[in-house]
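Listed below are the residues making up each chain.
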Amino acid sequence: MKVDRNLTRRETDSLKRQVKFYEAILNNIHHGVVITDQLGKIIFFSDTYGKFLGLNPAEVPGKHCTAVIENTRMHIVAQTRVAEINHSQRIKDQDMVVQRIPIVTEDGNLFVFGQVMFKDVRDVHTLAKRLNLLETKVALYEKELTSLRSSKYTFDHIAGNSRDLSEVKDQALKAAQTNAPVLLTGESGTGKELFAHAIHYASSRRIHPFIRINCSAIPKELMEAELFGYEPGAFTGAGIKGKPGKFELAQEGTIFLDEISDLPLEVQPKLLRVLEEKELERLGGTRLTRLDFRLIAATNGDLGQLVEEGKFRKDLYYRLNVIPLQIPPIRERKDDIPGIARYLIEKFHREQATRMVEISAEAMEIFIKYPWPGNVRELSNVLERILYTIDGDRIGLRHLPVFLQDFDGHQESRMEIKLKQLNSEAEKEAILHGLRLAGNNKNEAARLLGIHRTGLYKKMKKMGIPLSGPQ
């Protein structure tokens with residue numbers, strides 16, 4: 001290296017250190033590096049490039065690039081001063097990817113920087129294949145995530161062709177074409193959630209999330225955070241990251257609030273404001289988030305009665321009850337029972353590999369006459385139990401549960417009352433037994449019973465069980 005004699009020794013040493021530093025960087029780059037002057041003579045040749053070509057890098061500088069590198073165009077780029085990026089060059093019977101970049105210094109001198117980007121152009125193809133595979137996987141995962149968050153059922157999954165059910169289906173299909181709130185009412189087990197899924201699927205929002213939340217399953221103190229989200233440190237145990245609420249997760253999609261009658265009274269004003277303003281503020285936050293969602297609510301209770309009792313806000317009730325849909329119980333549409341039974345048998349066969357069976361005329365007659373206080377859910381439970389134990393391909397009277405075998409068809413109202421009493425008594429006894437096993441520890445009793453502590457307190461109050469537990 002020539003050094004200006006006017007430079008001090010300290011400046012000379014500094015320049016030498018800089019040169020060694022840059023040479024060290026270029027020599028340790030994974031890809032080969034070569035630098036030529038404007039005539040094509042090599043002034044730098046990296047160790048990596050030397051190893052690849054089987055040359056001693058120290059012996060290369062001063063030679064013309066064409067004498068060292070086959071098919072090189074470094075000298076041509078020096079003449080044209082036009083950079084060549086990601087060009088292919090055949091070196092040692094391999095197609096390499098190279099860069100040739102002309103560089104003009106402040107004093108007008110021209111140099112060309114060349115770099116072999118990959119050991120072989122096949123490496124580029126390999127990387128491209130990997131990238132393509134990753135993109136395919138991402139697309140697949142996005143599709144699966146959309147599927148998981150989307151609706152599971154369509155109107156085709158709602159079995160039955162009776163006039164009453166057909167009218168509700170028609171109304172629901174019309175409701176799907178709007179963005180107005182829908183309130184689904186009906187007894188437990190009638191299929192309100194099926195209708196919510198079907199309405200979402202039939203709407204223009206079907207490619208977006210379907211978010212379901214059961215208002216009776218969430219403790220009152222956590223309800224606001226679940227619905228509207230919270231910022232870091234908003235409350236004890238909130239964590240450092242915060243969390244979006246169900247309304248944010250339902251962006252551009254549908255949010256389904258099941259058992260809306262159990263929504264705590266203190267949360268109802270904020271829900272009303274979110275429905276009217278379509279914006280929310282997370283718990284502990286100061287930023288408003290604009291929302292775009294469709295609301296569907298469901299209840300098996302009488303919201304009108306709750307409004308009169310002061311347990312549900314009248315203004316929220318009116319906001320929810322824009323499109324009311326009453327789902328009829330199956331005892332009021334007995335013509336649908338054979339079709340529902342066949343649909344359920346096919347469903348269990350498809351999903352759980354149970355037998356494909358027929359239902360005898362005698363058994364079907366009982367099915368049609370029985371009042372089914374638990375509606376489709378109860379019918380499904382009965383059929384599932386039968387299918388797991390049946391040894392033939394036809395359901396007869398002997399395969400039915402005892403309470404159905406003894407049913408004579410003339411005691412519907414009495415039987416319904418009796419079943420409700422039996423269910424209530426059995427549930428009360430189960431709660432008392434759970435409390436005894438848990439030593440009256442409510443948390444442990446709720447865990448044993450498979451319900452939330454809040455639900456346990458509600459049931460104890462409803463059944464007149466003292467909070468002090470069984471004596």
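Up top is the structure these notes are about.
As the structure is a prediction and not an experimental result, all values here were calculated from the model. (Residues numbered from 1 in each chain as written. Predicted model: local features only at pLDDT ≥ 70, side-chain atom pairs only at ≥ 80, totals over all residues. Heavy atoms only, no water.)

**Student:** So what about the side chain of Ser203? Which residues, and what values?
**Tutor:** Note on placement: Ser203 falls in the loop between helix 7 (192-202) and strand 7 (210-214). A relative accessible area of 3% means that Ser203 is categorised as buried. At 2.7 Å, the side chain of Ser203 and the backbone oxygen of His200 are in polar contact. In terms of polar contacts, Ser203 uses its side chain to reach the backbone amide nitrogen of Arg205, at 3.2 Å. (Helix = DSSP H or I, 4+ residues; strand = E, 2+ residues; numbered from the N terminus. Buried < 20%, exposed > 50% of the residue type's maximum accessible area, 1.4 Å probe, protein only. Polar contact = N/O pair within 3.5 Å; in protein donor to acceptor, adjacent residues only side chain to side chain.)

**Student:** Go over helix 7, please, and point to the residues and values.
**Tutor:** Along helix 7, the residues classified as buried are Lys192, Phe195, Ala196, His197, Ala198, Ile199 and His200. Against helix 6 (163-176), strand 6 (182-185), strand 7, strand 8 (254-258), strand 11 (294-299) and strand 12 (323-326) lie the buried residues of helix 7. (Contact = heavy atoms within 4.5 Å.)

**Student:** Which residues make up the environment of Ala353, and what are the values?
**Tutor:** One can find Ala353 in the loop between helix 13 (337-352) and strand 13 (358-359). Once the C-alpha coordinates of Ala353 and Leu387 are considered, the two residues, 34 residues apart in sequence, prove to be 9.9 Å apart.

**Student:** With reference to specific residues and values, describe helix 10 (residues 268-277).
**Tutor:** Listed as buried for helix 10 are Gln268, Lys270, Leu271, Leu272, Val274 and Leu275. Of the residues flanking the end of helix 10, it is Lys278, one or two places downstream, whose phi is positive at about 55°.

**Student:** Tell me about a negative patch on the surface, residues and numbers included.
**Tutor:** Negative charge collects at one region of the surface, where Asp164, Glu167, Asp170 and Glu332 lie side by side. Counting through the fold element by element, Glu332 comes out in the loop between strand 12 and helix 13. (Patch = residues over 30% accessible without salt bridge, like charges linked within 9 Å, V, L, I, M, F, W, Y side chains within 5 Å. Areas by Shrake-Rupley, 256 points an atom, 1.4 Å probe, with all protein chains shown as cover. Salt bridge = Lys/Arg side-chain N within 4 Å of Asp/Glu carboxyl O. Lys, Arg positive; Asp, Glu negative; His and termini not counted. Charge placed at Lys NZ, Arg CZ, Asp CG, Glu CD.)

**Student:** With reference to specific residues and values, describe the nonpolar core.
**Tutor:** Of all hydrophobic cores here, the largest spans 31 residues; its most connected members are Leu227, Phe247, Leu257, Ile260, Leu263, Leu271 and Phe312. A per-element tally of this core places helix 10 first, with four residues. Aside from chain neighbours lying at most four places away, what touches Leu271 is Phe228, Phe247, Leu257, Ile260, Leu263 and Leu316. (Core = buried A, V, L, I, M, F, W, Y, C linked by side-chain atoms within 4.5 Å.)

**Student:** Talk me through the pairing of strand 8; I want residue IDs and the actual numbers.
**Tutor:** Of all five residues that make up strand 8, five are buried, and the element is covered over most of its length. A two-sided burial pattern is seen for strand 8, the buried positions comprising Thr254, Phe256 and Asp258 on one face and Ile255 and Leu257 on the other. Sheet topology places strand 7 next to strand 8; five bridges connect them, and they run parallel. Along strand 8, the bridge assignment pairs Ile213 with Leu257. When strand 8 meets strand 11, the two strands line up parallel, connected through four bridges. Counted as the bridge partner of Leu257 is Ala297 from strand 11. (Pairing = 2+ DSSP bridges.)

**Student:** If you had to explain the sheet that holds strand 8 to someone new, which residues and values would you point to?
**Tutor:** Taken in spatial order, the five strands of this open sheet run 7-8-11-6-12, and their pairing is parallel. Strands at the two margins of the open sheet, each flanked by one partner only, are strand 7 and strand 12. Taking each pair of neighbouring strands and ignoring which way they run, the sheet shows an average axis angle of 15°. Relative to strand 11, strand 6 is paired through four bridges, and the arrangement is parallel. (Axes fitted to C-alpha atoms, helices over the stretch in contact; angles between N-to-C directions.)

**Student:** Describe the pattern of salt bridges, with residues and values.
**Tutor:** Under the criterion given, the structure shown has 20 salt bridges. The salt bridge partner of Arg90 is Asp95, with a shortest N-O separation of 3.0 Å. Overall, the relative accessible area of 31% leaves Asp95 in the partly exposed class. Residue Arg282 is joined to Glu248 by a salt bridge in which the shortest nitrogen-to-oxygen separation is 2.8 Å. Of the two residues, Arg282 is situated in the loop between strand 9 (279-281) and strand 10 (288-290) and Glu248 in helix 9 (residues 246-249); the sequence distance between them amounts to 34 residues. Each member of the pair, Arg282 as well as Glu248, carries the same accessibility label: buried. It is possible to trace a salt-bridge network through shared partners that takes in Arg73, Glu84 and Arg100.

**Student:** Could you give an account of the packing of helix 18 (residues 442-449) against helix 19 (residues 453-462), naming the residues involved and the relevant values?
**Tutor:** Following both chains from N to C, one finds helix 18 and helix 19 inclined at 95°, their axes separated by 9 Å at the closest point. Classed by the angle they form, the pair helix 18 and helix 19 counts as roughly perpendicular. Along its contact with helix 18, which presents Lys442, Asn443, Ala445, Ala446 and Leu449, the element helix 19 presents Arg453, Leu456, Tyr457 and Met460. (Parallel < 35°, antiparallel > 145°, perpendicular 65-115°, else oblique.)

**Student:** Could you give an account of the packing of helix 13 against helix 15 (residues 375-389), with specific residues and numbers?
**Tutor:** The contact between helix 13 and helix 15 brings their axes to 10 Å, and the two run at 55°. Accordingly, the angle class assigned to the pair helix 13 and helix 15 is oblique. The two elements helix 13 and helix 15 meet at a crossing, and its hand is right-handed. Of helix 15, the residues touching helix 13 (which contributes Ile340, Ala341, Leu344, Ile345, Phe348 and Gln352) are Val376, Leu379, Ser380, Leu383, Glu384, Leu387 and Tyr388. By residue class, the composition of the contact of helix 13 with helix 15 is 10 nonpolar, two polar and one charged. (Left-handed = near helix turned anticlockwise from the far one by under 90°. Nonpolar A, V, L, I, M, F, W, Y, C, P; charged D, E, K, R; others polar.)

Geometric descriptors of this kind do not, in isolation, establish any biological role.
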